[in-house]
There are 2 protein chains.
Amino acid sequence: MSIPSFSDVLAAHERIRPYIHRTPVLTSRVIDELAGAELFFKCENFQKAGAFKARGASNAVFGLSDEQASRGVATHSSGNHGTCLSYAAGRRGIACTVVMPRTAPQAKKDAVQGYGGKVVECEPSTSSREAVFAEVVAETGAEFVHPYNDARVIAGQGTCSKELIEQVDGLDAVVAPIGGGGMVSGTCLTLSTVAPGVEIYAAEPEQADDAYRSFKAGHIIADDAPNTVADGLKVPLKELTWHFVSNHVTDILTASEAEIVEAMKLIWKRMKIVMEPSSAVPLAIVLKNRDVFAGKRVGIIITGGNVDLDKLPWQ
Amino acid sequence: MSIPSFSDVLAAHERIRPYIHRTPVLTSRVIDELAGAELFFKCENFQKAGAFKARGASNAVFGLSDEQASRGVATHSSGNHGTCLSYAAGRRGIACTVVMPRTAPQAKKDAVQGYGGKVVECEPSTSSREAVFAEVVAETGAEFVHPYNDARVIAGQGTCSKELIEQVDGLDAVVAPIGGGGMVSGTCLTLSTVAPGVEIYAAEPEQADDAYRSFKAGHIIADDAPNTVADGLKVPLKELTWHFVSNHVTDILTASEAEIVEAMKLIWKRMKIVMEPSSAVPLAIVLKNRDVFAGKRVGIIITGGNVDLDKLPWQ
C-alpha cells in the first residue's frame, strides 16, 4: 500500500493547475446565523466537470507515462469520478471507460459521454460493479484509476483543502462528506501537514453510515448497495482511505435523509448555487450539532454540482 | 418628469456601496460554444436580497431626508422590487409596505416579510395593483418608491452596468430583460455615457411583449396582466423608462416560454447557479439570434435568483 505524502499534494497542484479551477469560497450571513458559526463554503460544484474529483482524476491521468496513457484509463464510479476521469482523459486525448450502476442519474451518464468517455453499466452494488469492471480491464488493458483508493487520486483531492487554507485564515474545523473517503483522506493528508490544529469532521448519511460504524468499530465495515439521496456517498472505505480516516479524522457525524434535503434546499435558496445532495451532508451535520460547531470558523466542502434537475429530492 | 444623469449613477454607487455586493461576472465555455459568442454573465442573483433591484431601492431609501424616512416607504411590485425595498428599509431601520399580487410566488412574499416589510395583497393586474396602492399611501403617508418609473431607482440600477464595464473589456453588446424597463433604462443611462459604442438589447417574453410592440409602434402600449413564466417581466413601460428605451435601445427581441425555460435550465445545469426565469430571457434571445450576436463579446444581466424551488418551470 503506497501512502501519499504532502509533497505529492504539492506536485499534484503543479501538475493539474492548467486543468482545474481554483474554486471560490462563499459565505452566507443567514446560514451563519442558523448555525451559530462562521461557515466558509469551498465551492467545488464550480470545479471543472462539476466536482472536486476533477482534481484527483487529472493528477492520475497527467501523471501517466505516454506508454501507459496510450492504453487509456478505466474506472468504476457512482458518478462524479467517472465524469471527471472522462474530462481529464479528454484533456489528454486518451480513451476512458467508466463502469456505472444502471441506476445512476442519466445526467451523470450523459456527462461521461459528453467528455468523450465510454459508459458500461453494472448492477447497483459494489460486488457487481467490481465484477463488470474486471472484464473491462481485461479487454482494454487500460490503467485503472480507482475513485478513491489510489494514492494519485488522494494527493489530487488534497489540493482542495490546500486552497481552502490559503483562502481562509484561522479555520477551527473542516467538514467534508464521506463515501469512500477520497476527499476526507486528501483533507487529512494536507491539513495534518499544513494545519495540524484544524479539526477534521466527516459527514455521512445515516442510511449509508458504514464509515461511521467503521470509525467506531476500529476496522472497515462495508455495506453492499446502501440507499440514500446522497448518491455519491454509497461506496465503502478501502485500506488506503481507512488509513487516513482512522489516523486523522476527529469524528464522523451522520444526518437523516430529511436533514440532508433540508440543508441542500437551504443552500440553493440562500446562496443561489446548484449543488448535489452529497454536498449538503456537511451543513446538515453542522446545523444539528451546535455543541460541536457553535462559535467556530468552519470550512465546508461543497463537493459537486452534478444533480439531475428533473429529479430534485424535495419533489 | 425628472430624467437622471450619469452623475446621479456615480452618486448612487457611492451612496449604496455599503449595502450592495459588487457581483461577480461568470463565463461558461459550453454555453459560449452553443451561442457562437463570448458571453459574460453579470450575476445579480448573488446581489443582496437576491436581485439587482437592491441597487435602485437602496439608492432611493438612503437618499431620503430623515423627515421623509420617518414616514417609511411603500411600493407595488411583482416581487423583487418589494423584497429589495424591504431589505433597504430594514438596513435604514424604517417602515416598508409592499402591495403584491396575491398570485406572486409565496417565496417572494416570505422574502418581503423576512426583511421586516409588510405585504398588502392585490389582484394580479396593473389596474388593481395601482388602486390598492393608492389606499396604502393615503393611510401611511409613506414615500412612494416606484419599481422602475423613478429617477432614483433608475440611477441605482445604472450602477450594475457601470460595474460590468469595469469588469469586462471590449464588450460589443449588453442584453438585459425588460419588464417595466428599470434595468434597461439604467443600462442605457450608464452605457450612453461611458461606452456609447456598446449595443443595448432588451429581451422580453413573447407572451408579455408590450415593450417590443411599444418599441415598434413608437409609443407606449400597455397590457393588463399578461401571463409568462418570467413573472418579473409582466409590468408595462412608463414615461421615464420609455424615454430611455425609445432613445437608446438598439433593439428588443422576444423568446417563447419554451425557449426561456430551456435557457434557464441550461444555465442551472452548466453554470451551477440558481437564477429566475426572467433572468433567462437574455440568453434565450442570444441563442435564437446568432445572426445578431455571433462572434461578439456580450454582457448578459442575470437579474435575480429568487425562484420558488417548489415550483420550477420545467416540472
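Let me begin by describing the structure that accompanies this report.

The rules behind each value
- Residues numbered from 1 in each chain as written.
- Chains lettered and ligands numbered in written order.
- Predicted model: local features only at pLDDT ≥ 70, side-chain atom pairs only at ≥ 80, totals over all residues.
- Heavy atoms only, no water.
- Helix = DSSP H or I, 4+ residues; strand = E, 2+ residues; numbered from the N terminus.
- Contact = heavy atoms within 4.5 Å.
- Least-squares fit on C-alpha atoms with pLDDT ≥ 70 in both.
- Buried < 20%, exposed > 50% of the residue type's maximum accessible area, 1.4 Å probe, protein only.
- Pairing = 2+ DSSP bridges.
- Axes fitted to C-alpha atoms, helices over the stretch in contact; angles between N-to-C directions.
- Parallel < 35°, antiparallel > 145°, perpendicular 65-115°, else oblique.
- Nonpolar A, V, L, I, M, F, W, Y, C, P; charged D, E, K, R; others polar.

1. So, the environment of Val61(A)
Residues and elements named next belong to chain A.
Line of reasoning, step 1. Along the chain, valine 61 falls in helix α3 (residues 53–62).
Line of reasoning, step 2. For the pair valine 61 and glutamine 113, spaced 52 residues apart in the sequence, the C-alpha separation amounts to 17 Å.
Line of reasoning, step 3. Not counting residues within four places of it along the chain, the set of residues in contact with valine 61 comprises Val73, Leu85, Ala88, Ala89, Arg92 and Ile94.

2. Some points on the relation of the copies chain B and chain A
Line of reasoning, step 1. When chain B is fitted onto chain A, the two copies agree to an RMSD of 0.0 Å after a turn of 180° and an axial shift of 0.0 Å. A rotation of that kind, with that shift, is consistent with a two-fold axis. Of every C-alpha in chain B, the one belonging to Ile273(B) sits nearest the axis of rotation, 2.2 Å from it.
Line of reasoning, step 2. The share of interface residues of chain B whose copies in chain A are also at the interface is 100%, consistent with both copies meeting through the same surface.

3. Considerations on the pairing of strand β7 (residues 173–177) of chain B
The side chains of a regular strand alternate, first on one face of the sheet and then on the other.
Residue and element names in this part refer to chain B.
Line of reasoning, step 1. Within β7, 5 of the 5 residues are buried, which leaves the element mostly enclosed by the surrounding structure.
Line of reasoning, step 2. Burial along β7 is two-sided: Ala173, Val175 and Pro177 and Val174 and Ala176, pointing in opposite directions, are all buried.
Line of reasoning, step 3. Taken together, the 5 bridges between β7 and strand β8 (residues 199–205) define a ladder with parallel strand orientation. Bridge pairing in β8 places proline 177 opposite alanine 203.
Line of reasoning, step 4. Relative to strand β10 (residues 297–302), β7 runs parallel, the two being bridged by 3 bridges. Residue pairing for β10: valine 174 is matched across the bridge by glycine 299.

4. Side note on the packing of helix α1 (residues 6–16) of chain A against α3(A)
All names here are of chain A.
Line of reasoning, step 1. Put simply, α1 and α3 touch, their axes get as near as 9 Å, and they point 85° apart. Classified by the angle between their axes, α1 and α3 sit roughly perpendicular to one another. Packed against α1, whose contacting residues are Ala12, His13, Arg15 and Ile16, the element α3 presents Arg55, Ser58, Asn59 and Phe62 at the interface.
Line of reasoning, step 2. In terms of residue class, the contact of α1 with α3 is made up of 3 nonpolar, 3 polar and 2 charged.

5. Concerning the sheet that holds strand β9 (residues 251–255) of chain B
Residues and elements named next belong to chain B.
Line of reasoning, step 1. The 6 strands lie next to each other as β1-β2-β10-β7-β8-β9, forming an open sheet whose pairing is mixed. The sheet is open, and its two borders are formed by β1 (25–26) and β9, each paired with just one other strand.
Line of reasoning, step 2. Two elements, strand β2 (residues 38–43) and β10, share 6 bridges in a ladder whose sense is parallel. Bridge pairing links lysine 42 to isoleucine 301 in β10.
Line of reasoning, step 3. Contacts from helix α8 (residues 151–167) reach β1, β2, β7 and β10, with the element oriented near 135° to β2.

6. Details of the sheet that holds strand β6 (residues 143–144) of chain B
Residues and elements named next belong to chain B.
Line of reasoning, step 1. Strands sit in the order β5-β4-β3-β6 across an open sheet of 4 strands; the sheet is parallel. Two strands close off the open sheet at either side, each with one partner strand: β5 (118–122) and β6.
Line of reasoning, step 2. Examined bridge by bridge, strand β3 (residues 73–76) and β6 share 2 bridges and lie parallel to one another. In the sheet register, valine 73 faces β6, and the bridge partner there is glutamate 143.

7. Here's the deal with unusual backbone geometry
All names here are of chain B.
Line of reasoning, step 1. One non-glycine residue, alanine 49, lies in positive phi territory at about 60°.
Line of reasoning, step 2. Note on placement: alanine 49 falls in the loop between β2 and α3 (53–62).
Line of reasoning, step 3. One non-glycine residue, lysine 272, adopts positive backbone phi at about 60°.
Line of reasoning, step 4. Within the secondary structure, lysine 272 is located in the loop between α12 (257–271) and α13 (277–288).
Line of reasoning, step 5. Judged by relative accessible area, lysine 272 falls into the buried class, the value being 8%.

8. Section: the environment of Val73(A)
Residues and elements named next belong to chain A.
Line of reasoning, step 1. Considering the arrangement of structural elements, one finds valine 73 in strand β3 (residues 73–76).
Line of reasoning, step 2. On the basis of relative accessible area, valine 73 is assigned to the buried category, the value being 1%.
Line of reasoning, step 3. Expressed as a C-alpha distance, the spacing of valine 73 and glycine 182, which sit 109 residues apart in the sequence, is 19 Å.
Line of reasoning, step 4. Sequence-distant contacts of valine 73, defined by excluding residues within four places in its chain, comprise Val61, Leu64, Leu85, Ala89, Ile94, Ala95, Cys96, Thr97, Ala142, Glu143 and Val145.

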